[in-house]
Amino acid sequence: MAVRAQVLCVGLMLCGACGPQVDPAPVRPLLPPPELTDTNPDPAIVEVTLIAAEGTHEYLEGKPAQVWGYRDGALAESAVTIPGPTLRAKEGDQILVHFRNELPVATTVHWHGIRLPNGMDGSTSSQRAVEPGESFDYAFTAKDQGSFWFHPHVKGDEQIEKGLYAQLVIEGGTAPEVAADRYFTLDDVKLQSDGALSAKTDAMDLMMGRQGNVLLVNGMKDAELVVSPGTRERWRFVNSANGRFFNLSLKGHRFLVIGWDGGLLPVPYEADTLLVAPGERYDVLVTFDPELPEGLALQNLHYDRGHDLPDPGPKDLFRILRAAPAEDAPAPLPSQWRTLERTATTAATAVRAFRLSEFEAPDGPQFFINDQFWPFNDMVHVTKGDVEIWEIDNQSEMDHPFHLHGMFFDVLDRDGVPEERVGWKDTVNVPRETKLRFAVRYDFPGMWMFHCHILEHAERGMMGDLMVE
Ligand code: C2O
Ligand code: CU
């Protein structure tokens, strides 16, 4: 350390304030989760063993919390991690997941955003839950490149909060040249001062979805990321929180958004801030200023999602430390990203109306879709191959991120204002008192779920079933 300080001083003396600014090594390096071991030698098959189990995780250093998490079953000694181990495959691969439930409760694994056979979707409308001690084999083809995630579909508000979630990356398509390709899972937890997860659920948690008192990126609080000034990195984001919205900002920089839930966009766009609602994914490029200032952090800015939640001011998600700057400017960006047609609709396309509402019941809020309350809902019947428009009419006083399983949709407009950007979504934020319309083609038969991805809302009624026949 002393030697390095000396070298820096010499540098400063030689060229004044223009010397490269290099920060000391990180104390809490922001690490990616481990990756699931592929045990199949066939390069076109990814075969893994995934175990859900109890474990511990230090959200606060030196103060382990009891959690539920995933671990790699191919490694006898593996421990659960938060997020769980990443599943990585290439477009076109066969994915085989031998899942074992070592939790004291029943669970499933839902592959959020993946287009797959209905029996593999891992919702309770498509499979019997996997009881403690039982196993289930999930098998599907990685049809689409993109950033996805997986999590249980049984009591999601409790099981995901306790740590059951992990990243799923399907590689493919245009690959911009980048210095690093990173996937950040955004989350928050409500911790007691001893570092344990709070078991208390208050009225606010039920109304807004539980918002924690500690913000996490890949399971870590106050982590540090080392980057080289002047380089370009690819950052993928997923929001795995029960209820918190993340509104990202990196001061002095803009995000070049290249992908949404359903993979790359045909035309990237720039954004100063990036709103990531629960369940959504965004894939962006960030080009660091060659004169990267000291003390920069990726921040979460307040976003007003209704019910007058107070603005706590900007909060750091992780700090950025500077390595030696890049020698060369980043390579030019690809000129072609992806061909993606809009889902064809006409004036004759059938429109299905879904009204979202909330109701203050004596034992807490309840949430409805078309005045129906899951699991006492009638399923919606549609015909395979049809294209229809869904009109989501949010008549409540807060935003609801709306998710549909097993298919992508194409957002058409919000309160009649057309969405100019083309890209595939499986989860979209429907702002309060707003009507959002999307077009969807029912490609795969079976019973698919749709719901608000604020997990307390889903578990308290705002969920439904779509039968494609
Ligand atoms: Cu991310 Cu029905 O779920
Ligand atoms: Cu909701």
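Look up: the structure comes first, before these words.
(A) Seen up close, the overall build of the chain. Looking only at helices and strands, the chain has four helices and 30 strands in total. Viewed in the frame of its principal axes, the chain has a C-alpha envelope of about 75 × 55 × 50 Å. Split into buried and exposed, the 469 residues of the chain put 56% on the buried side. Here the contacts in the chain between residues at least 6 apart in sequence split such that 75% fall between residues at least 24 apart. Just so you have it, the chain exposes about 19,500 Å², and 54% of that area is on carbon and sulfur atoms.

(B) Fine view of unusual backbone geometry. Residues Ile82 and Pro83 are joined by a peptide bond in cis, for which omega reads -5°. Within the secondary structure, Pro83 sits in the loop between strand E2 (63–72) and strand E3 (84–90). Along the chain, Trp374 connects to Pro375 via a cis peptide bond; the corresponding omega equals 5°. Looking at the element boundaries, Pro375 is found in the loop between strand E21 (364–369) and strand E22 (380–382). Phi is positive for Asp308, close to 55°, though the residue is something other than glycine. Backbone geometry at Asn370 places phi at a positive 50°, although glycine is not the residue there. Mapped onto the elements, Asn370 comes out in the loop between E21 and E22. On the accessibility criterion, Asn370 (31% relative accessible area) is partly exposed.

(C) Region of interest: the environment of Pro290. Secondary-structure assignment places Pro290 in the loop between strand E17 (281–287) and strand E18 (297–300). Considered as a pair, Pro290 and Asp426 are 136 residues apart in the sequence and their alpha carbons are 36 Å apart. Excluding its chain neighbours within four sequence positions, the residues that come into contact with Pro290 are Pro229 and Gly230.

(D) Representation of the packing of aromatic side chains. Under the criterion given, the structure shown has 25 aromatic pairs. Consider the rings of Phe136 and Tyr138, whose centres lie 4.6 Å apart with planes at 55°: the pair is tilted. Judged by relative accessible area, Phe136 falls into the partly exposed class, the value being 24%. Under the relative-accessibility criterion, Tyr138 is labelled buried at 0%.

(E) View of the sheet that holds strand E28 (residues 434–441). An order of E21-E20-E23-E28-E25-E26 is seen for the six strands of this open sheet, with the pairing classed as mixed. Of all the strands in the sheet, just E21 and strand E26 (417–418) have a single pairing partner and so form its edges. The sheet contact formed by strand E20 (residues 351–361) and E21 spans six bridges and is antiparallel. When the sheet's bridge partners are listed, Phe359 is paired in E21 with Gln366.

(F) Seen up close, the nonpolar core. If you look at the biggest cluster of nonpolar residues, it comprises 64 residues, and the most contacted ones within it are Leu87, Trp111, Trp390, Phe438 and Leu466. Considering every element that reaches this core, the biggest residue donor is strand E1 (residues 45–60), with four residues. Contacts of Trp390, omitting those with residues within four sequence positions, involve Arg352, Phe354, Phe402, Leu404, Leu436, Arg437, Phe438, Val440, Tyr442, Phe450 and Leu466. Leu215, Phe237, Leu250 and Leu296 belong to the second largest nonpolar core, which has 33 residues in total.

(G) Representation of the sheet that holds strand E27 (residues 427–430) in the model. Taken together, the five strands give an open sheet; going across it, the order is E22-E30-E29-E24-E27, and neighbouring strands pair in mixed fashion. In this open sheet, the two strands that pair with only one neighbour each are E22 and E27. On average, each strand axis in the sheet is tilted by 25° relative to the strand beside it, whichever way the strands run. Across three bridges, the pairing between E22 and strand E30 (residues 463–468) is parallel. Residue pairing in the sheet places Val380 in a bridge with Leu466 of E30.

(H) Main features of the coordination of the copper ion (ligand 2). Within the first shell, the copper ion (ligand 2) binds the protein through His400 (ND1), Cys452 (SG) and His457 (ND1), at distances of 2.0 to 2.1 Å. For the copper ion (ligand 2), the single-chain donor residues occur in sequence as H-x51-C-x4-H. On the criterion of sequence distance, the pair formed by His400 in strand E24 (residues 400–404) and His457 in helix H4 (residues 455–459) is long-range, its members being 57 residues apart.

(I) Layout of the environment of Asn242. Within the fold, Asn242 resides in the loop between strand E12 (232–239) and strand E13 (246–250). The sequence separation of Asn242 and Arg71 amounts to 171 residues, and the corresponding C-alpha distance is 21 Å. For Asn242, the residues in contact, after removing those within four places along its chain, are Asp157, Glu161, Arg210, Pro278, His453, Ile454, Leu455 and Glu456. At 3.0 Å, the side chain of Asn242 forms a polar contact with the side chain of Glu456.

(J) Structural detail: the side chain of His253. Examined against the element boundaries, His253 turns out to sit in the loop between E13 and strand E14 (255–260). Excluding residues within four positions of it along the chain, His253 makes contact with Asp272, Val286, Thr287, Phe288, Asp289, Leu292 and Leu296.

(K) How the structure looks around the pattern of salt bridges. If you walk through the whole model with that rule in mind, you get 35 salt bridges. Among the salt bridges present, the one from Arg28 reaches Glu61, with a minimum N-O distance of 3.0 Å. Of this pair, Arg28 sits in the loop between helix H1 (2–15) and E1 while Glu61 sits in the loop between E1 and E2, and the two are 33 residues apart along the sequence. Between Lys425 and Glu280 there is a salt bridge, and its shortest N-O distance comes to 2.7 Å. Linking Lys425 in the loop between E26 and E27 with Glu280 in the loop between strand E16 (273–276) and E17, this pair joins segments that are 145 residues apart in sequence. Residue Lys425 is classed as buried on the basis of its relative accessible area of 4%. Salt bridges linked by common partners bring Asp261, Glu280, Arg281, Lys425 and Asp426 together as one network.

Rules behind the numbers
Residues numbered from 1 in each chain as written. Chains lettered and ligands numbered in written order. Predicted model: local features only at pLDDT ≥ 70, side-chain atom pairs only at ≥ 80, totals over all residues. Heavy atoms only, no water. Helix = DSSP H or I, 4+ residues; strand = E, 2+ residues; numbered from the N terminus. Buried < 20%, exposed > 50% of the residue type's maximum accessible area, 1.4 Å probe, protein only. Contact = heavy atoms within 4.5 Å. Areas by Shrake-Rupley, 256 points an atom, 1.4 Å probe, with all protein chains shown as cover. Phe/Tyr/Trp six-rings, centres within 6.5 Å; stacked < 30°, edge-to-face > 60°. Pairing = 2+ DSSP bridges. Core = buried A, V, L, I, M, F, W, Y, C linked by side-chain atoms within 4.5 Å. Axes fitted to C-alpha atoms, helices over the stretch in contact; angles between N-to-C directions. Donors = N, O, S within 2.8 Å, 3.2 Å for Na, K, Ca; no water. Polar contact = N/O pair within 3.5 Å; in protein donor to acceptor, adjacent residues only side chain to side chain. Salt bridge = Lys/Arg side-chain N within 4 Å of Asp/Glu carboxyl O.

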